[in-house]
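Descriptive structure summary
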Amino acid sequence: MPAAPQIQQTGKFSVFDRPGVKQHARTTGGRLTTASAGKIDQAEGVHIGGAFTPEPKPAFTAHRESVWDAAAARRAAQPAPEKKPITITLPDGNTKEGVAFETSPLTIALGISKQLAGRMCCARVTYASNVQITSVAINQFDEDDEPQGDVDKALLWDLARPLEGDCTLELLDFQSPEGKMVFWHSAAHLLGAALEQKYGAKLSIGPPVEGGFYYDAYMGQSSVSDKEFKELQQMVTKMCNAKHKFERLALTKEELLEMFSYNPFKTAIIQSKVPDGSMTTAYRSGPIIDLCMGPHVPDSGRVKAFEVLRASSAYWLGKAENDALQRVYGVAFPDKKEMTKWKKFQQEAAKRDHRKVGAAQKLFFFDALSPGSAFMEPHGARIYTGLISFIRDQYWLREYTEVVTPNVYNFDLWHTSGHALHYKDDMFCFEVEGQEFGMKPMNCPGHCLMFKHDVRSWRDLPMRYADFGVLHRNELSGALTGLTRVRRFQQDDGHIFCRDDQIEEEVKGALEFMKYVYGIFGMGYKLELSTRPKKALGDIALWNRAEAALASAMDDFAGKGGWRVNPGDGAFYGPKIDIKVTDALDRVHQCATIQLDFQLPIRFDLKYRGGDDSTEEKRPIIIHRAMLGSVERMMAVLTEHWGGKWPFWISPRQVIVVPVGPSHIEYAKKVRAQIRAARFYVDCDDSGHTLPKKIRNAQLSQYNFILVVGDNEIAENAVAVRTRANTVEGTMPVADFIARCVELRDTKAKDPPPPDVPEPVKGKGGGKKK
């Protein structure tokens, strides 16, 4: 049987992220964190933290430094590597001459400009194929915790770390995703140092995450109070002002175990992740020495603004049965102006938080009796089903075939697909008549069964299956977050079964589909092609053809230079296109995805006949694609993107009719009935509130149109139109207003533009009561 799938981080399968936090995918080599929930060899429920007594400026730091100094001396006594001339190629094609194991990226940056060097966070280095990196013996783990072999793709590199051979070099600042993550990772170390110095905390992991970083620390029964944030910030600021260098040192497993003997969490990581007889790295900056793969900024002085955000409880390895930890979040910037800008951004983001908007607009709620499963209230269901209908309409135009597949499968299916080996812990499993079953967490294996159910010919391809089936994933309770991380959800899941000569056209079709969807949403996007990884399965020639087809499709779609390559970052089963969309707050989301899969057709032995007169059987290729991804998550993204101000076509509150007084209620209800008959969401406010109060309530409820009706409107069979922005558009016949609503719905207009009507005449069109 072919090797089982390895878990990949993608937009479609975002549940494969580490429990409790969205980690950034490494698109350019170099591990950013040592977070490894679920991978440490420890029995559940066994507490390893032990007794804890707060100890400011703890004694273990002196022991740690003595082990570091001794190890550093041993490394320095080893024969120095050969220092020979090397050529360093910059992104613009210019070259710089240097010396191996002497010239660093920082040397190159300083040679260009001191100001440039001061802005950079790290470097991206791609070595020539003939260069053997001496530090490969140091375990630069991939996400699946296996050491890298020969360097064959870009690596993130410390600015101060000497280069080791001919290479291409790109300097990365805070504005780049990689530079930002490295900067925040360095700031996390400084936060860890403050936690150690103030409490004597035993640190576990401290990764950069979306929007900042955190550090998990064991403090027994103690906790971090928000009243202590200021002191922690002051301690970090003092370290920043001291400009402590981030020093990198390779250490043996034995040296590491001695260095961190006081910390059971670090020793558990070392024992499980560092193979016997091998080495890995640690970093020192001022008072902290931490087990870490790096890279880091050159010194702590690069951090100009730092703030502790909040503290909460967490669990070692994400398991509630294990030791309780304190998780302290922070954010940092290389410029104080960036911090000011970030705070303003946070205020706006808080207003738009989908959980807050969802509660205010009565869209959805959660209940402890079904954790992680949203209850869509009537108005929320309108949005939810509206998104599905939007995609379903496109399925018809783009010739997808919608199918319905079971929710529950015998586990033999998941053994065939390979998910049983790597994904069982995230599934809901149960026994039926002595056999194991599981609720489906994804649709692709079921679609493989459908393809295999009948004899297929080359003429049948491409076959485009679409499925809105309900999926369940057994997320840890601590990882559940509003609609963005749930246990029950639906996807606009699609699988295209095609021939290899059809890949390019099908991918272009999926890209055009994506462009249309996010154009309607008013969101920008960037495309990245992730190519064959080191552990790819399948024929290299097929990989090469597939990558060429994807590249050609992306050139046709976006133009040459309109996308970028992530070398070696494809899934093990095929290359993929990562689609990063940007919302109104300039935040990046990975929702849509297009992935090629060579392996599921092999695992399920899928075949089609290769010609009319041929008995030759060939293997199809599967294209996994989703436009929205999870409907729940997309609903959250759009809530925050639009700030709860829904465009008319998807709005759960499109129109409200407001009678001026009791004598106009009957006409208001008649108008409501006419509009509802045209299949629009319309209400009538027949309450006893004053007219201004009714209008204000409607605006706060985000009705797109407020139709005021009084004597004038009754006489003219018309309505006086206002928008939620309090724009008075004037009076128009009911039939004309309905026609306008139809146009807004059918064109998916982003915001209702005012019609071309004359200014209202004083005394008319305002619903004035005679």
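Each chain has its residues counted from 1, following the order in which its sequence is written. It should be noted that, the model being predicted, local features are given only for residues of pLDDT at least 70 and side-chain atom pairs only at 80 or more, the latter also being counted only at that level, while totals for whole chains, interfaces and linings use all residues. Note that water and hydrogens are dropped before the side-chain values are worked out from all heavy atoms of the structure.

1. With respect to the overall build of the protein chain
- Helix and strand labels come from DSSP, where a helix needs a run of H or I of at least four residues and a strand needs a run of E of at least two; each type is numbered from the N terminus. Helix and strand content of the protein chain: 21 helices and 35 strands.
- The burial tally for the protein chain puts 55% of its 770 residues in the buried class.
- Between two residues, a contact is recorded if the distance between any of their heavy atoms is within 4.5 Å. Relative to all contacts within the protein chain whose residues are 6 or more apart in sequence, the contacts with residues 24 or more apart total 73%.
- All accessible-area figures derive from a Shrake-Rupley calculation using a 1.4 Å probe, and residue coverage is judged against the displayed protein chains alone. Accessible surface, the protein chain as shown: approximately 33500 Å² in total, 51% of it carbon and sulfur. For each residue, the accessible area found with a 1.4 Å probe, counting protein chains only, is set against the maximum for its type, and the residue is called buried under 20%, exposed over 50%, and partly exposed in between.

2. Comments concerning the pattern of salt bridges
- We define a salt bridge as a contact between a side-chain nitrogen of Lys or Arg and a carboxyl oxygen of Asp or Glu at a distance within 4 Å. In total, this model carries 39 salt bridges according to the counting rule given.
- Of the charged contacts, one joins Arg 74 and Glu 255 as a salt bridge, the two residues approaching to 2.9 Å between their closest N and O atoms. Placement of the pair is Arg 74 in helix 1 (residues 60–77) and Glu 255 in helix 6 (residues 253–259), with a sequence separation of 181 residues.
- On the basis of relative accessibility, which here comes to 41%, the residue Arg 74 falls in the partly exposed class.
- We classify Glu 255 as buried; its relative accessible area is 6%.
- Its salt-bridge partner being Asp 500, residue Arg 545 comes within 3.3 Å of it at the nearest N-O pair.

3. Here's the deal with a positive patch on the surface
- A contiguous patch of positive charge, built from Lys 114, Lys 243, Lys 304 and Lys 336, is present on the exposed surface.
- When you line up the elements, Lys 114 lands in helix 3 (residues 114–119).
- Judged by relative accessible area, which is 72%, Lys 114 ranks as exposed. Candidates for patches are residues over 30% relative accessible area with no salt bridge; among them, like charges are joined within 9 Å and nonpolar side chains (Val, Leu, Ile, Met, Phe, Trp, Tyr) within 5 Å. Positive charges are assigned to Lys and Arg, negative charges to Asp and Glu, while His and the chain termini are left out of the count. By convention, the charge on Lys lies at NZ, on Arg at CZ, on Asp at CG and on Glu at CD.

4. Here's the deal with unusual backbone geometry
- Across the junction of Gly 294 and Pro 295, the peptide omega takes the value 0°, indicating a cis bond.
- In this fold, Pro 295 is placed in the loop between strand 11 (288–291) and strand 12 (305–315).
- Here the bond from Leu 461 into Pro 462 is cis, since omega is 5°, no more than 30 degrees from zero.
- Among the structural elements, Pro 462 can be located in the loop between helix 13 (444–452) and strand 20 (463–467).
- At Lys 362, a residue that is not glycine, the phi angle is positive and equals roughly 55°.
- One can find Lys 362 in the loop between helix 9 (354–360) and strand 14 (364–365).
- A positive phi angle, close to 70°, is found at Gln 702, a residue other than glycine.
- Counting through the fold element by element, Gln 702 comes out in the loop between helix 19 (691–700) and strand 33 (705–709).

5. Side note on the pairing of strand 33
- Counting buried positions along strand 33 gives five out of five residues, so the element sits mostly inside the fold.
- At least two DSSP bridges between two strands are needed for those strands to be called paired. Judged from the five bridges that link them, strand 31 (residues 655–659) and strand 33 form a sheet pairing that is parallel. Residue Val 658 lies in a different strand from strand 33, and its bridge partner there is Val 708.
- Two strands pair when backbone bridges link them, and strand 33 and strand 34 (residues 718–723) are joined in this way by four bridges, in the antiparallel orientation. Of the residues in strand 34, the one forming a bridge with Leu 707 is Val 721.

6. What about a nonpolar patch on the surface?
- A contiguous nonpolar patch, built from Val 408, Phe 430 and Val 432 and spanning about 200 Å² of accessible area, is present on the exposed surface.
- Residue position: Val 408 is located in strand 17 (residues 408–410).

7. Details of the sheet that holds strand 9 (residues 247–252)
- Pairing within the open sheet is antiparallel, and its three strands lie in the order 9-10-11. Each having just a single partner strand, strand 9 and strand 11 make up the two edges of the open sheet. Direction aside, the axes of adjacent strands within the sheet are offset by 30° on average.
- Relative to strand 10 (residues 279–285), strand 9 is paired through six bridges, and the arrangement is antiparallel. By the bridge assignment for strand 10, Ala 250 is matched with Thr 281. Comment: axis = line fitted to C-alpha atoms, over the contacting stretch for helices; angle = value between 0 and 180 degrees taken between N-to-C directions.

8. A look at helix 5 (residues 229–242)
- How far a helix is expected to stretch is found by multiplying one less than its residue total by 1.5 Å. Helix length check: helix 5 (14 residues) gives 20 Å between terminal C-alpha atoms against 20 Å at 1.5 Å per residue, within 8%.
- Those residues of helix 5 not exposed but buried are Phe 229, Leu 232, Gln 233, Met 235, Val 236, Met 239 and Cys 240. Projected down its long axis, helix 5 carries its buried residues within an arc of 160°, all on one side. Projecting away from the buried face of helix 5 at angles above 90 degrees are the exposed residues Lys 230, Lys 238 and Asn 241.
- Close packing links the buried residues of helix 5 with helix 4 (177–199) and strand 12.
- The first or second residue beyond helix 5 is Lys 243, which carries a positive phi of 55°. The arc in question is formed by the directions pointing from the helix axis toward the C-beta atoms.

9. As for the confidence of the model for the protein chain
- When pLDDT is averaged across the protein chain, the result is 87; 89% of the residues are at 70 or more.
- Along the chain, pLDDT gives the predictor's confidence residue by residue, from 0 to 100. Segment residues 1–38 is flagged for pLDDT under 50; beyond a separation of four residues in sequence, or across chains, it makes 136 contacts in the model.

10. Digging into the sheet that holds strand 18 (residues 429–432)
- Taken together, the three strands give an open sheet; going across it, the order is 17-19-18, and neighbouring strands pair in antiparallel fashion. The two strands at the open ends of the sheet, each matched to only one other strand, are strand 17 and strand 18. Within this sheet the neighbouring strands show an average axis-to-axis angle of 35°, counted without direction.
- Both strand 18 and strand 19 (residues 435–439) contribute to a ladder of four bridges, which runs antiparallel.

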